[in-house]
Amino acid sequence: MTGKMADKPHILFLFSDTGGGHRSAAKAIIEAINIYHPDRVTTEMLDFFVEYAPPPFDRAVQTYGPMAQVPDLWELGYKLSNGKYRSRLVHDVLWPYIRKSTTSLLREHPCDMFVSVHPIINTPILRALGPNPKPYIIVITDMVTTHAFWYNNNATLTLSPTREARERGLQIGMAPAKIEEIGQPIADKFRHPPPPKEALREALGWPQNRLVVLMVGGGEGMGPIEETVRTVDRARLDLMMAIITGRNLSIKHNLEKSRLVTDHEIYGFVENMPDLMYAADVIVTKAGPGTISEAFIAGLPIILYSRMPGQEEGNVDYVVDKGAGVWAPYPEKVVTTLRRWVDNPGERNKVADISKSLARPDASKNIAEKIIQIVDQPQI
Ligand code: UDP
């Protein structure tokens, strides 16, 4: 739904496709609102970089992929702007430049409430709204190494995926009452008990008695998936690889052409991720917050083979420190870990249990409840 309807409160979701699970987080929350509070509000998603940022920031979405391939550059930008005072300075310097587009955004997208799932937009919008802002909810999508841009006491409420992300907010000055731990927003399909694993495998055409490893590089198929698949293939382990290349068609094409000897299936962008996760035994993935949180729900032991510097570094620490998986930044380490888990199901099951214990399947529903509570409160 786009545009404000007169009779129902209208919520504007602010996101951008700069990785980090922002789009899928917004979609998961809207889905939960529609399921658990049907017809209560209207919603609209806005990619503010694409539609409103002045040049060169309007190209952030196109340049995110290439930039992410130059980790040092991405890391430098991330770290230089991260910190309570540095982030304020960045916003002060940029404000004259982005003020006009921020006010146009507000004028052209009237709404009764904002929900932001992106760190960068919060301070500009809250600044433009002035002293009597509308309800503004921030839903953080990074697990531990959260950028300072996420935190702003002028927001009505900030919802954090982990205790660690909340604590970081408190350390840089968030008022405790303004930030709550709630979990990572995940698609509603992950809330419901799955069909039996045997039935899922049968439907997918996967073997029943062989370890199945799901290999995925986020929605965009990022990280060295191709090299990792080839290295695992050369190791001749007794397993099947279910390879998901996401929207990365060139990797899909290359892998389809290559002669892999290990049992495998290659998928492009899949719409049935819960089925694939519930049917698999292990996941090898980039450290995206969405995929990690989904893997917890499916109780999968996790091998993280790549991460974005900056925001995803803490996701790796979170998984490894809790014991839900392994950091394997080069393909040989992926192979060593897989070999151990093929040979030693006891160890693999222990890691799977820890992964399951970190699951927060109700996060999106609970976020939807908060949003509806706040939209129902009379505005002063
Ligand atoms: N995903 C999907 N189909 C695919 C690949 C990924 O539905 O073929 C979903 C995945 O389940 C997750 C999201 O895309 O919900 C990826 O989010 P994540 O935070 O892991 O990484 P991002 O791609 O945003 O960096």
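Located above this text is the structure these notes cover.
Parameters at a glance
- Residues numbered from 1 in each chain as written.
- Predicted model: local features only at pLDDT ≥ 70, side-chain atom pairs only at ≥ 80, totals over all residues.
- Heavy atoms only, no water.
- Helix = DSSP H or I, 4+ residues; strand = E, 2+ residues; numbered from the N terminus.
- Buried < 20%, exposed > 50% of the residue type's maximum accessible area, 1.4 Å probe, protein only.
- Contact = heavy atoms within 4.5 Å.
- Areas by Shrake-Rupley, 256 points an atom, 1.4 Å probe, with all protein chains shown as cover.
- Pairing = 2+ DSSP bridges.
- Axes fitted to C-alpha atoms, helices over the stretch in contact; angles between N-to-C directions.
- Expected span 1.5 Å × (residues − 1).
- Near = heavy atom within 4 Å.
- Polar contact = N/O pair within 3.5 Å; in protein donor to acceptor, adjacent residues only side chain to side chain.
- Nonpolar A, V, L, I, M, F, W, Y, C, P; charged D, E, K, R; others polar.
- Core = buried A, V, L, I, M, F, W, Y, C linked by side-chain atoms within 4.5 Å.
- Parallel < 35°, antiparallel > 145°, perpendicular 65-115°, else oblique.
- Salt bridge = Lys/Arg side-chain N within 4 Å of Asp/Glu carboxyl O.

Chemist: I keep staring at the overall build of the protein and nothing clicks. Help me out?
Modeler: Along the backbone of the protein there are 16 helices and 12 strands. Looking at the protein as a whole, 54% of its 380 residues are labelled buried. For the protein, the proportion of contacts with a sequence separation of at least 24, taken over those separated by at least 6, is 64%. Carbon and sulfur atoms make up 53% of the accessible area of the protein, which amounts to about 16,700 Å² in all.

Chemist: Sorry, what's going on with the sheet that holds strand β9 (residues 264–267) here?
Modeler: Strands belonging to one sheet form pairs held by backbone hydrogen bonds; the direction of such a pair is parallel or antiparallel. Here 6 strands make up an open sheet; going across it, the order is β9-β8-β7-β10-β11-β12 and the pairing parallel. One side of each edge strand has no neighbouring strand; the edge strands of this open sheet are β9 and β12 (325–327). Geometrically, the sheet is characterised by an average inter-axis angle of 15° between neighbouring strands, direction not taken into account. The pairing of strand β10 (residues 282–286) with strand β11 (residues 302–306) spans 4 bridges and is parallel. Counted as the bridge partner of valine 284 is isoleucine 303 from β11.

Chemist: Please clarify how helix α16 (residues 363–376) should be interpreted in this entry.
Modeler: An α-helical turn contains 3.6 residues, so any two residues separated by three or four positions project in the same direction. Here α16 spans 20 Å end to end across 14 residues, near enough to the 20 Å set by a 1.5 Å rise per residue. Elements in contact with the buried residues of α16: β1 (10–15), α1 (22–36), β3 (113–116), β4 (136–139) and β5 (157–160).

Chemist: Please explain the site of the ligand as it appears in this structure.
Modeler: The ligand sits among 18 residues. The nearest are Gly21, Val270, Gly290, Thr291 and Glu294. Lysine 286 places a polar side-chain atom, nitrogen or oxygen, 2.9 Å from an oxygen atom of the ligand. One nitrogen or oxygen atom from the side chain of glutamate 294 is found 2.6 Å from an oxygen atom belonging to the ligand. Calculation on the ligand without its partners gives an accessible area of 550 Å², and the protein chains cover 89% of this total. In terms of residues, the shell around the ligand owes the most to one element, helix α12 (residues 289–297), which gives 4 residues. The residue inventory of the shell around the ligand, partitioned by class, reads 5 nonpolar, 11 polar and 2 charged.

Chemist: Please explain the side chain of serine 116 as it appears in this structure.
Modeler: Among the secondary structure elements, serine 116 is positioned in strand β3. A residue is classified by how much of its surface remains accessible, and serine 116, at 0% relative accessible area, is buried. Residues contacting serine 116, with those up to four places away along its chain left out, are Leu14, Ile121, Asn122, Tyr136, Ile137, Ile138 and Val139.

Chemist: Is there a simple way to think about the nonpolar core in this case?
Modeler: The tendency in soluble globular proteins is for nonpolar side chains to be buried as a group. The biggest cluster of nonpolar side chains holds 36 residues, and the ones touching the most others in it are Trp206, Leu214, Met277 and Phe296. Elements supplying a minimum of two residues to this core: α8 (197–204), β7 (211–216), β8 (239–244), α11 (273–279), α12, β11 and α13 (313–322). Looking at this core element by element, the count peaks at 5 residues for α11. Not counting chain neighbours up to four residues away, the residues in contact with phenylalanine 296 comprise Met143, Ile302, Tyr318, Val319, Ala324, Ser355, Lys356, Leu358 and Ala359.

Chemist: Is there a simple way to explain the packing of helix α14 (residues 331–343) against helix α15 (residues 345–357) in this structure?
Modeler: The geometry of a pair of packed helices is captured by two quantities: the angle between their axes and the separation between those axes. Where α14 contacts α15, the axes come no closer than 5 Å and their chain directions differ by 105°. Classified by the angle between their axes, α14 and α15 sit roughly perpendicular to one another. Taken together, the residues of α15 that come into contact with α14 (itself represented by Arg340, Trp341, Val342 and Asp343) are Pro345, Glu347, Arg348 and Val351. Class assignment for the residues of the contact of α14 with α15 results in 4 nonpolar, no polar and 4 charged.

Chemist: Sorry if this is basic, but what is going on with the environment of histidine 118 here?
Modeler: Among the structural elements, histidine 118 can be located in the loop between β3 and α6 (122–129). Once the C-alpha coordinates of histidine 118 and tryptophan 150 are considered, the two residues, 32 residues apart in sequence, prove to be 7.3 Å apart. Every residue in contact with histidine 118, bar those within four places of it in the chain, is listed here: Leu14, Phe15, Ser16, Thr18, His22, Phe48, Phe49 and Trp150. A polar contact of 3.2 Å, which involves the side chain of histidine 118, links it to the backbone nitrogen of isoleucine 120.

Chemist: What is the right way to read the pattern of salt bridges from this model?
Modeler: Pairs may arise between side chains of opposite charge once their charged atoms sit close together. All told, the structure shown has 18 salt bridges when counted by the stated rule. Notably, a salt bridge pairs arginine 163 with glutamate 167, separated by 3.3 Å at the nearest N-O pair. One end of the pair is arginine 163 and the other is glutamate 167, both in helix α7 (residues 163–171) and 4 residues apart, which spans about a single turn. For arginine 163, a relative accessible area of 43% puts it in the partly exposed group. Its relative accessible area of 35% is what places glutamate 167 among the partly exposed residues. A salt bridge links lysine 252 to glutamate 256, with the shortest nitrogen-to-oxygen separation between them at 2.9 Å. Here lysine 252 and its partner glutamate 256 are both found in helix α10 (residues 249–257), 4 residues apart, which amounts to about one turn of the helix. A single salt-bridge network, built from bridges that share partners, covers Arg163, Glu164, Glu167 and Lys322.

That is the geometry; function is a separate question.
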